[in-house]
Amino acid sequence: MTTIGDAPNDVLRAVRIGLRMSQDDLARALRRAGVELGEPNEASKRLVQRWEAGTSRSPRPVYARALERVTGVPLEALGFVPQVPMARVRDDGSGGHDLSPAPDGVAAASPGRRAVPRPATETYGGVWLSRYEFYSSGRDATFEGRHHVVLVQHGNRLTGRSLPEASSNPASPLALDLTIDRSVVTGTWTERTARDGYYQGATYHGAVQLLVGPTGRRMAGKWVGFGKDFDVNTGPWELRLLDMSVSKATLDRYSVPPE
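What you see is a predicted model; the values in this text were computed from it and never measured.

Caption draft 1: View of the overall build of the protein. For the protein, the count of helices and strands is 5 helices and 10 strands. Per-residue burial over the protein gives 41% buried out of 259 residues. If you take every contact in the protein between residues at least 6 apart in sequence, the share linking residues at least 24 apart comes to 51%. Put simply, the protein shows about 14,300 Å² of open surface, and 53% of that area lies on carbon and sulfur atoms.

Caption draft 2: Representation of the side chain of asparagine 9 within the structure. Considering the arrangement of structural elements, one finds asparagine 9 in the segment before helix H1 (10-18). Engagement of the side chain of asparagine 9 in a polar contact is seen with the backbone oxygen of leucine 78, the distance being 3.1 Å. Once you skip the residues sitting within four places of it in the chain, asparagine 9 turns out to touch Trp51, Glu52, Ala53, Gly54, Arg57, Leu78, Gly79 and Phe80.

Caption draft 3: Spatial organisation of the packing of helix H2 (residues 23-37) against helix H4 (residues 61-71). Their axes nearest at 9 Å, the elements H2 and H4 cross at an angle of 105 degrees. Our classification of the angle between H2 and H4 gives roughly perpendicular. Contacts from Leu26, Ala29, Leu30, Ala33, Glu36 and Leu37 of H2 reach H4 at Arg65, Ala66, Leu67, Arg69 and Val70. The class makeup of the residues in the contact of H2 with H4 is 8 nonpolar, no polar and 3 charged.

Caption draft 4: Local environment of the sheet that holds strand S7 (residues 184-192). The strand order S3-S4-S5-S6-S7-S8-S9-S10 describes a closed barrel built from 8 strands, whose pairing is antiparallel. Along the sheet, successive strands turn relative to each other by an average axial angle of 30 degrees, direction set aside. Here strand S3 (residues 126-136) runs beside strand S4 (residues 141-154); their pairing, made up of 11 bridges, is antiparallel. If you follow phenylalanine 134 over to S4, its bridge partner there is phenylalanine 143.

Caption draft 5: Quick look at H1. Inspection of H1 places Leu12, Val15 and Arg16 among the buried residues, and these make up the whole buried set. Down the axis of H1, the sector holding all buried residues measures 100 degrees, keeping them to one side. Turned more than 90 degrees away from the buried face of H1 sit Asp10 and Gly18, all of them exposed. Packing partners of the buried residues in H1 comprise H2, helix H3 (45-53) and H4. Between a side-chain oxygen at the N-terminus of H1 and the backbone nitrogen of valine 11 the separation is 3.3 Å; the capping residue is asparagine 9. Two residues or fewer after H1 comes arginine 20, characterised by a positive phi angle close to 60 degrees.

Caption draft 6: How the structure looks around the environment of arginine 16. Positionally, arginine 16 belongs in helix H1. Given the relative accessible area of 10%, arginine 16 is considered buried. Residues arginine 16 and valine 48, 32 residues apart in the sequence, show an inter-C-alpha distance of 9.9 Å. Sequence-distant contacts of arginine 16, defined by excluding residues within four places in its chain, comprise Met21, Ser22, Gln23, Leu26, Val48 and Glu52. Polar side-chain contacts of arginine 16 include one of 2.9 Å to the backbone oxygen of methionine 21.

Caption draft 7: Layout of the packing of H1 against H3. Viewed as axis vectors pointing N to C, H1 and H3 meet at an angle of 130 degrees, and their least axial separation amounts to 7 Å. Regarding the angle of H1 to H3, the classification is oblique. Contacts between H1 and H3 involve Leu12, Arg13 and Arg16 from the former and Val48, Trp51 and Glu52 from the latter. For the contact of H1 with H3, the per-class residue count stands at 3 nonpolar, no polar and 3 charged.

Caption draft 8: Here's a closer look at the pairing of S4. The loop that links S3 with its antiparallel partner S4 comprises 4 residues; one of these, aspartate 140, has a positive phi angle of about 50 degrees. As paired elements, S4 and strand S5 (residues 157-167) share 7 bridges and run antiparallel to each other. Bridge pairing in S5 places glutamine 153 opposite leucine 158. Where S4 hands over to S5, the hairpin turn is made up of 2 residues, of which glycine 155 adopts a positive phi near 65 degrees.

Rules and cut-offs
- Residues numbered from 1 in each chain as written.
- Predicted model: local features only at pLDDT ≥ 70, side-chain atom pairs only at ≥ 80, totals over all residues.
- Heavy atoms only, no water.
- Helix = DSSP H or I, 4+ residues; strand = E, 2+ residues; numbered from the N terminus.
- Buried < 20%, exposed > 50% of the residue type's maximum accessible area, 1.4 Å probe, protein only.
- Contact = heavy atoms within 4.5 Å.
- Areas by Shrake-Rupley, 256 points an atom, 1.4 Å probe, with all protein chains shown as cover.
- Polar contact = N/O pair within 3.5 Å; in protein donor to acceptor, adjacent residues only side chain to side chain.
- Axes fitted to C-alpha atoms, helices over the stretch in contact; angles between N-to-C directions.
- Parallel < 35°, antiparallel > 145°, perpendicular 65-115°, else oblique.
- Nonpolar A, V, L, I, M, F, W, Y, C, P; charged D, E, K, R; others polar.
- Pairing = 2+ DSSP bridges.
- Arc of directions from axis to C-beta.

Geometric values such as these leave the question of function open.
In structure tokens, the structure reads:
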């Protein structure tokens, strides 16, 4: 039953009909796709009905990946809530730097009761591409930092370390210590700059908060930290999954500067 304010997902329904599938057929195909992907799911006709009725607008990552496999269509083109796009850094007019306003459709956190952290239900271990933007007041320009990072998961905790020689700025190791609460990832970051670089070996650190995208393959949000003149700045940060493997061969392949 659709409640007041729920908008039916006619896009998903149209895609399903175009595939000549009933709701039962789609559920069975999603279960098969889960097995093929190595992550079995419990898709049912009732779940498909909830998606099409609009009572469930954000499929769990395990279902999102199965939907993309079965339909051949990106999740954002199936009528679901879109992923959070990479924002852009800008001068905030108060001595620091902030993000451009969130685009339409990206909801802000509501000031309700305090959330109780819940155990992570997805696996986020693997090699990720880390990208962030920062403003350099000394050079009056915005720059991007990129690292290949290994994330290791223990329950709802994620520990991230950049691979050797795997940063856009040589000899600039990055460390992340994160906690997962459903689709929100919060934690701290530390980066030691190159001794022969512009920041002459300075170590910077701060906080970061990211939202996990529907497929669990992307996290996007913002960082906050102090600048060269000890003013507090902020900017966009994004993590994209490159490989779930952490084998020696995989780590060797990504121990190079990101393109």
